[in-house]
Amino acid sequence: MQQNCLLKELATIHSGYSLRNPFEEFILPNVEWIQPSHVTAQNFINLPRITVKLAKNITVLQAGDVLLTSRVNFKAALISAPTSMPTLASVGIWIIRPDQSRLHPGFLTFWLNSTQGQKALQGLGNEFTTIKFIRKDDLEGLSIPLPSMAKQEQLANLYICYVKQKQLQEKRLNLQQQLLNTLATQL
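Here is a short report on the structure shown in this document. Note that the structure is predicted; figures quoted are calculated from it, not measured.

Criteria and thresholds
Residues numbered from 1 in each chain as written. Predicted model: local features only at pLDDT ≥ 70, side-chain atom pairs only at ≥ 80, totals over all residues. Heavy atoms only, no water. Pairing = 2+ DSSP bridges. Helix = DSSP H or I, 4+ residues; strand = E, 2+ residues; numbered from the N terminus. Axes fitted to C-alpha atoms, helices over the stretch in contact; angles between N-to-C directions. Phe/Tyr/Trp six-rings, centres within 6.5 Å; stacked < 30°, edge-to-face > 60°. Buried < 20%, exposed > 50% of the residue type's maximum accessible area, 1.4 Å probe, protein only. Polar contact = N/O pair within 3.5 Å; in protein donor to acceptor, adjacent residues only side chain to side chain. Parallel < 35°, antiparallel > 145°, perpendicular 65-115°, else oblique. Left-handed = near helix turned anticlockwise from the far one by under 90°. Contact = heavy atoms within 4.5 Å. Nonpolar A, V, L, I, M, F, W, Y, C, P; charged D, E, K, R; others polar.

As summarised here, the arrangement of the 4 strands in space is S2-S8-S5-S6, forming an open sheet in which the pairing is antiparallel. Looking at the sheet topology across the chains shown, the edges are occupied by strand S2 (11-15) and strand S6 (76-78). Averaged over all adjacent pairs, the angle separating strand axes in this sheet is 25°, with direction ignored. Two elements, strand S5 (residues 66-69) and S6, share 3 bridges in a ladder whose sense is antiparallel. Counted as the bridge partner of Leu 68 is Ala 76 from S6.

And the structure:
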């Protein structure tokens, strides 16, 4: 039997980092920087690198973290592998760190991006401003379906395969476009 749990019972939620001070270009970058557009595209390759003084209260991303854009259209993406250098998410992204003994990060990503998850997130969005956004308190109160861990793993694997297939199709289309452009220049 499937149960539902509040997200705050299954995960901790952290906000992205705000760049308040301009970073100095002559200092070598020490972190990679994920912005909402990276989450929407589910693309974490060739991330911008910046210099930030890492304080204790800054949430550095870990494998298994789920990133959720907090404004307008709510998209989730999974940090599936350790990164080459410390990585920060920007403001406009919620960092959800699931208790992996109860909630599979891939399943959470799948569910948040599903039609049901999107309806639930749209219901949380604050409509009192011109730009719809989700507050942390509202996100913590989100009811998440909690099937067995075996079912969560199956759905997570299917979703991860879907995302990889989509990325490969986009790459193939880009290569085909480049080929056509090259052929056109040879006319």
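Let us now look at the packing of aromatic side chains. Counted according to the given criterion, the structure contains 4 aromatic pairs. An angle of 90° between the planes, with centres 6.2 Å apart, marks the rings of Tyr 17 and Trp 33 as edge-to-face. Of this pair, Tyr 17 sits in the loop between S2 and strand S3 (31-34) while Trp 33 sits in strand S3; the two residues are 16 residues apart in sequence, bridging distant segments of the chain. For Tyr 17, a relative accessible area of 25% puts it in the partly exposed group. Overall, the relative accessible area of 7% leaves Trp 33 in the buried class.

Read from one edge to the other, the open sheet built from 3 strands follows the order S4-S3-S7, with strand pairing classed as mixed. Strands at the two margins of the open sheet, each flanked by one partner only, are strand S4 (49-50) and strand S7 (87-89). Looking at chain direction, S3 and S4 are connected through 2 bridges and run antiparallel. Considered in S4, the bridge of Glu 32 is made with Arg 49.

By the secondary structure assignment, Thr 87 is in strand S7. Taking the relative accessible area as the measure of exposure, Thr 87 reaches 0% and is therefore buried. A distance of 3.1 Å separates the side chain of Thr 87 from the backbone oxygen of Met 85, its partner in a polar contact.

Let us now look at the packing of helix H3 (residues 105-113) against helix H6 (residues 149-185). Packing of H3 against H6 brings their axes to within 8 Å, and their N-to-C directions diverge by 65°. One way to sum up the angle between H3 and H6 is to call them roughly perpendicular. Both H3 and H6 take part in a crossing whose hand is left-handed. On the side of H3, the interface is formed by Gly 106, Phe 107, Thr 109, Phe 110 and Asn 113, while H6 contributes Gln 152, Leu 155, Ala 156 and Tyr 159. Residue composition of the contact of H3 with H6, by class: 5 nonpolar, 4 polar and no charged.

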